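Each chain, letter by letter, is given below.
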There are 2 protein chains.
Amino acid sequence: MSEQPSKVYVNGSLFDIKVPFRRVVLDELDENSNNVKLDLYDTTGEDSPGNSGITPLRQRWISNRDDTHAIDSDKTNTGGSVPPRVANKGKRPTQYGYAKSGIITPEMEFVAIREGVDVGIILEELSKGRAIIPLNINHPEAEPMIIGSRFLVKVNANIGNSSVSANIGDEVTKLHTAIQWGADTVMDLSTGADIALTRDAILRNSPVPIGTVPIYETLARVGGNPVNLSFEAFKETMIAQAMGGVDYMTIHAGLRLSHIPLTIPRVTGIVSRGGSIMATWALAHHEENFLYSNFAEICEIASTFDVTISLGDGLRPGSIADANDQAQFAELATLGELVKICRAHDVQVMVEGPGHVPINRIAENVQKEVELCDEAPFYTLGPLTTDIAPGYDHITSAIGAALIASHGTAMLCYVTPKEHLGLPNADDVKEGMIAYKIAAHAGDLSKGHLGAAQRDLALSRARFDFRWEDQFNLSLDPQKARAFHDEELPAPAAKKAHFCSMCGPKFCSMALSQRLKTADGELLKDPMAEKSAQFVDGGAEIYLSMPSKVRP
Amino acid sequence: MSEQPSKVYVNGSLFDIKVPFRRVVLDELDENSNNVKLDLYDTTGEDSPGNSGITPLRQRWISNRDDTHAIDSDKTNTGGSVPPRVANKGKRPTQYGYAKSGIITPEMEFVAIREGVDVGIILEELSKGRAIIPLNINHPEAEPMIIGSRFLVKVNANIGNSSVSANIGDEVTKLHTAIQWGADTVMDLSTGADIALTRDAILRNSPVPIGTVPIYETLARVGGNPVNLSFEAFKETMIAQAMGGVDYMTIHAGLRLSHIPLTIPRVTGIVSRGGSIMATWALAHHEENFLYSNFAEICEIASTFDVTISLGDGLRPGSIADANDQAQFAELATLGELVKICRAHDVQVMVEGPGHVPINRIAENVQKEVELCDEAPFYTLGPLTTDIAPGYDHITSAIGAALIASHGTAMLCYVTPKEHLGLPNADDVKEGMIAYKIAAHAGDLSKGHLGAAQRDLALSRARFDFRWEDQFNLSLDPQKARAFHDEELPAPAAKKAHFCSMCGPKFCSMALSQRLKTADGELLKDPMAEKSAQFVDGGAEIYLSMPSKVRP
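All of the points below concern the structure found in this document. (Residues numbered from 1 in each chain as written. Chains lettered and ligands numbered in written order. Predicted model: local features only at pLDDT ≥ 70, side-chain atom pairs only at ≥ 80, totals over all residues. Heavy atoms only, no water.)

### Things to note about the sheet that holds strand 2 (residues 18-29) of chain A
All names here are of chain A. Basically, it comes down to this: Strand pairing is defined by DSSP finding a minimum of two bridges between the two strands. Helix and strand assignments follow DSSP, with helices taken as H or I runs no shorter than four residues and strands as E runs no shorter than two, numbered in order from the N terminus. Each axis is a line fitted through C-alpha atoms, and for a helix only the stretch in contact is used; angles between axes span 0 to 180 degrees, taken between their N-to-C directions. Contact definition: two residues touch when any of their heavy atoms are within 4.5 Å.
Strand order in the open sheet made by the three strands is 1-2-3, with antiparallel pairing throughout. The open sheet has two free edges, formed respectively by strand 1 (6-11) and strand 3 (35-41), since each of these has just one partner strand. The mean angle between the axes of side-by-side strands here comes to 45°, regardless of whether they run parallel or antiparallel. Sheet topology places strand 1 next to strand 2; six bridges connect them, and they run antiparallel. Residue pairing across strands places K7 opposite R22, the latter belonging to strand 2. Against the sheet, helix 3 (residues 106-115) contacts strand 1, strand 2 and strand 3, and its axis sits at roughly 15° relative to strand 2. Together, strand 2 and strand 3 form the strand contacts of helix 16 (residues 452-464), whose direction differs from that of strand 3 by roughly 140°.

Written as structure tokens, this is what we have:
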């Protein structure tokens, strides 16, 4: 009998850490007659968190490094429930800084185990800036994860309220839905009521890194009119969010005043919210974007908390007609400049991209980003490969996401079916997540990622052997797969049946084909099969010689 | 006020034909203050068909050609309700034969208008075998459509019962669901009860070409045991189906006895139902596949009714691990031989492909098919780009389908969410169709298909202008887009609102960006914008100069 998947932990060898996996035990025996097991990457965090949030597993790792200290939280304005930490004077406690100095941290060993690679690879990719571990020192609850093109493709889920729809409990539910279905990071894009309280509730309950767009809260603080924004107001917000524990922040510093006229010929102008806010400010004042002018100071703040900067693409195309235009690529070149400034401050950085891009123009986005931004991890929204399917943009964009991932994008920002129409509810979050886990995994397979194909192999073997329960447990959504199968063949015996309702027992190709396979002895006696015998003798059973249990 | 989309007809100039389109009238005025209109490709057929099936619009076109005659239906065994026609002695009434002789048919003008191209292009592509118009002389109800890489990418929907689940009315409902959502052809893959009656009900009600896999009915006729199959039994079935009006037939003639041993190392063996049936027969008898041995005779029959042959890929890969293997490509080379035999008999032919293929191995499938099969139209199932998402294989495969379409695949065979788990019901048919219309359209955009981008452009303009009703009417699923929008902003006034519930009125990037766009006069006074003025003077409004009304 196959068991339900359970959580297992792998201990570190360098540090006292335990890395979670979801173990699937199969109804298939290995050469020692033990059940074959497959340990899958797991983003769900603690099984039964307490009411006041989840365990701050990194607290000791951070304090042990002795380069930060807790400050009196009465003097801060974080909205947070734990005393925040800041760097000691002259210190930059960032994973990038550590990696450049050759220091291996518990965070690095954690992601090495999670990804199934040697920690040396983690150190190398981090130190070159080709990968990041977004972890604020004030978000000790988060389990480390790495974003970089050599690692598993990651998925971000956006949640957050708007002025039309706002409830803190709903957002925590969306967080849980997102991580249940595999979200690697979550962005809180709230713009409605109680932004700080909502964010704190999310942070204290989140085992994954949390991102924000601080200009949204800044705008709320100045009364909603972009013209009233200022760098001072932004800085105040950024510091408060950093003290609260935000792991990465999207900063639209690349949209320069001189780029704005390039958007005039566009069909859909500026569709990034942050981009249009900054463009409005810049035009109103006829001054350079203050996030660009003050970028070095932003980096100083980020380095104090190990906040990762996600360079926002304020000029991403909002329609097929606007893809890869002058405005988009002019901003991308500026983002390349800003990457260098981040690195000079030991700040971890990734670069945001796409939007709406037709299939034939997707590869160019990755090529340009790699070249202009010196291989900083690329983090793209979709792209949506057509504009004509509102209500199904999780699909229009999963197509583009899978393709851009196959070209090297490190993290995909999901799109839900509600895109362009409204805010996602928990069901939409799930639909968006599944579509993007598919896209990310298709990207991993395409890149030949070590280990990614093991799950497909295990599932397909289960399918060929009619091990239905194994098939369900290995799938992205076991409940749905089981429910679809049960619609027409609900009997428990059917879970072992050598057919399904697609073809019925007489016509099942898998069953017919299984009989072929067992008949190969007789087949080879035939003279017409001589050539095949040669192939078979030459090691034809290539897949059976692969280890069934490979992590992740 | 925007009107509901309505059906319009465009008359032929060479023939007395009328070609249907779905007209969307927009809340946008052209330079003459008329509402902009967009006429979309329409597959839905007659609005209110009678009880005994739809109008046989091609009946006169066929009889006028004087190369076929009706036969006494009492002497036949078609299960059909109209007297069948056959070719006159020595005649091959196929669209390919006509095209090679330089004869333009009403069918050719019909598809030229539908595709928005000159009929000369149709004639050229047909005569070179790079495109087909699958239309049996006994299915006069069908509206002509063309399948070829220079034309709009088409989508086929599979329906049909199995022994576990069978009801004729359900299948006609699935047919209607499929064409409502844009199916260009429908395959009836029934293997359960009443195969002939079900097929006839579908044919008499279908405005799109109908395909079958005749070996399924043949197998039912011989009692369900593949070993009992014979070419005689197959021929009898094929002729009966051809007399009933089946427009194209999948024939697994490319799976040769010598290919079977190549499948032994596979993870999932032979997953094509037709393929495993023929492999079982061939192994049991130790004889060459009778469909291969008798292929010339099969072509003779096909040419008598203008049945298009769809060369089945009995060895398509059923898992990521099996993609692009020796077995698959050995069969593809044989399909190339068979294409030549079809053409020698004036028979229209396309080639079936993919299954499960990772993204990085998709392009090779198209390249090999073009080369080995002399540019015959490629017709692929998906491909599914990962095995791990049963319940969501419409998405895993829409990714691969969009990509393979962008490389030149002419028709995509849809996959529904029930793939691998059960037979699709009407809801699943809709979900599969929408996912595949997205994939096909994304492919069209990627290929730069003339006119495909017009719908995206119109929708994105409507989006930027907050013309919500236009946005809904231009989308693939207007009801769903409207329902999602209404969940949070149901008031009719919100349909004109300059924001939606995603961001609310204060934070809407489109609204902010619109204000930017109207501020361009002032913007250009600024010295920093001189360079942009240059761009704007240089014809920046490129999209506004494109005609809004382009067919299709």
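### A word on helix 5 (residues 168-180) of chain A
Residues and elements named next belong to chain A. Let me state the cut-off plainly: In a helix, the anticipated span is given by 1.5 Å times the number of residues less one. The classification of residues rests on relative accessible area computed with a 1.4 Å probe and restricted to protein chains. Under 20% of the type maximum is buried, over 50% is exposed, and intermediate values are partly exposed. For this analysis, a polar contact is any N or O atom pair within 3.5 Å, provided that within protein one partner can donate a hydrogen and the other can accept it, and provided that sequence-adjacent residues contribute only side-chain to side-chain pairs.
Its 13 residues give helix 5 an end-to-end C-alpha distance of 19 Å, which sits within 8% of 18 Å, the value for a rise of 1.5 Å per residue. Every buried residue belonging to helix 5 is among E171, V172, K174, L175, T177, A178 and I179, and all of these are buried. Those residues of helix 5 that are buried are in contact with strand 8 (154-159), strand 9 (185-188), helix 6 (195-204), strand 10 (210-212) and helix 15 (426-446). The N-terminus of helix 5 is capped by N167, whose side-chain oxygen sits 2.8 Å from the backbone nitrogen of G169. In the stretch just after helix 5, G182 is the one whose phi turns positive, near 105°.

### Some details on the side chain of N324 of chain B
Residue and element names in this part refer to chain B. The residue N324 is located in the loop between strand 12 (308-311) and helix 12 (326-344) in this model. Under the relative-accessibility criterion, N324 is labelled buried at 12%. At 2.9 Å, the side chain of N324 forms a polar contact with the side chain of N365.

### Some words on the nonpolar core
Heads up, the condition is: The nonpolar core is taken to be a set of buried Ala, Val, Leu, Ile, Met, Phe, Trp, Tyr and Cys residues, with the residues joined through side-chain atoms within 4.5 Å.
Within the largest apolar cluster, 224 residues are counted, with the highest numbers of intra-cluster contacts made by I309 of chain A together with I309 of chain B. Apart from residues lying up to four places away in sequence, I309 of chain B is in contact with M249, I251, F295, I298, C299, A302, C342, V347, Q348, V349 and M350 of chain B.

### So, the packing of helix 7 (residues 214-221) of chain B against helix 8 (residues 231-244) of chain B
All names here are of chain B. Cut-off, in case you're wondering: Here the word oblique covers every angle except those under 35 degrees (roughly parallel), over 145 (roughly antiparallel) and from 65 to 115 (roughly perpendicular). Note on convention: near helix rotated counterclockwise from far helix by under a right angle means a left-handed crossing. Clockwise means right-handed. We call Asp, Glu, Lys and Arg charged. Ala, Val, Leu, Ile, Met, Phe, Trp, Tyr, Cys and Pro are nonpolar, and the rest, Gly among them, are polar.
At a minimum axis distance of 9 Å, the contact between helix 7 and helix 8 shows a crossing angle of 120°. Overall, the two elements helix 7 and helix 8 adopt an arrangement that is oblique. The two elements helix 7 and helix 8 meet at a crossing, and its hand is right-handed. Of helix 8, the residues touching helix 7 (which contributes P214, I215, E217, T218 and R221) are A233, F234, E236, T237, A240 and Q241. For the contact of helix 7 with helix 8, a count of residues per class yields five nonpolar, three polar and three charged.

### Some words on the packing of helix 14 (residues 393-406) of chain B against helix 15 (residues 426-446) of chain B
When two helices pack together, their arrangement is given by the angle between the helix axes and by the axis-to-axis distance. All names here are of chain B. Running from N to C, helix 14 and helix 15 cross one another at 25°; their axes reach a closest spacing of 8 Å. Taken together, the axis directions place helix 14 and helix 15 in an arrangement best described as roughly parallel. Every pair of crossing elements has a handedness; the one defined by helix 14 and helix 15 is right-handed. Each of H394, S397, A398, A401, A402, A405 and S406 in helix 14 lies in contact with helix 15, whose residues at this interface are E431, G432, A435, Y436, A439, A442, G443 and S446. A breakdown of the residues in the contact of helix 14 with helix 15 according to their chemical character gives eight nonpolar, six polar and one charged.

### Observations regarding the sheet that holds strand 13 (residues 349-353) of chain B
Residues and elements named next belong to chain B. Reading around the barrel, the eight strands line up as 8-9-10-11-12-13-14-15 and close back on themselves, with parallel pairing between neighbours. Averaged over all pairs of adjacent strands, the angle between their axes in this sheet comes to 25°, without regard to strand direction. Bridging between strand 14 (residues 378-381) and strand 15 (residues 411-413) involves three bridges; their strand directions are parallel. When the bridges of strand 15 are listed, Y379 appears paired with M411. The strands that helix 15 touches are strand 8 (154-159) and strand 15; relative to strand 8, the one it contacts most, it runs at about 160°.

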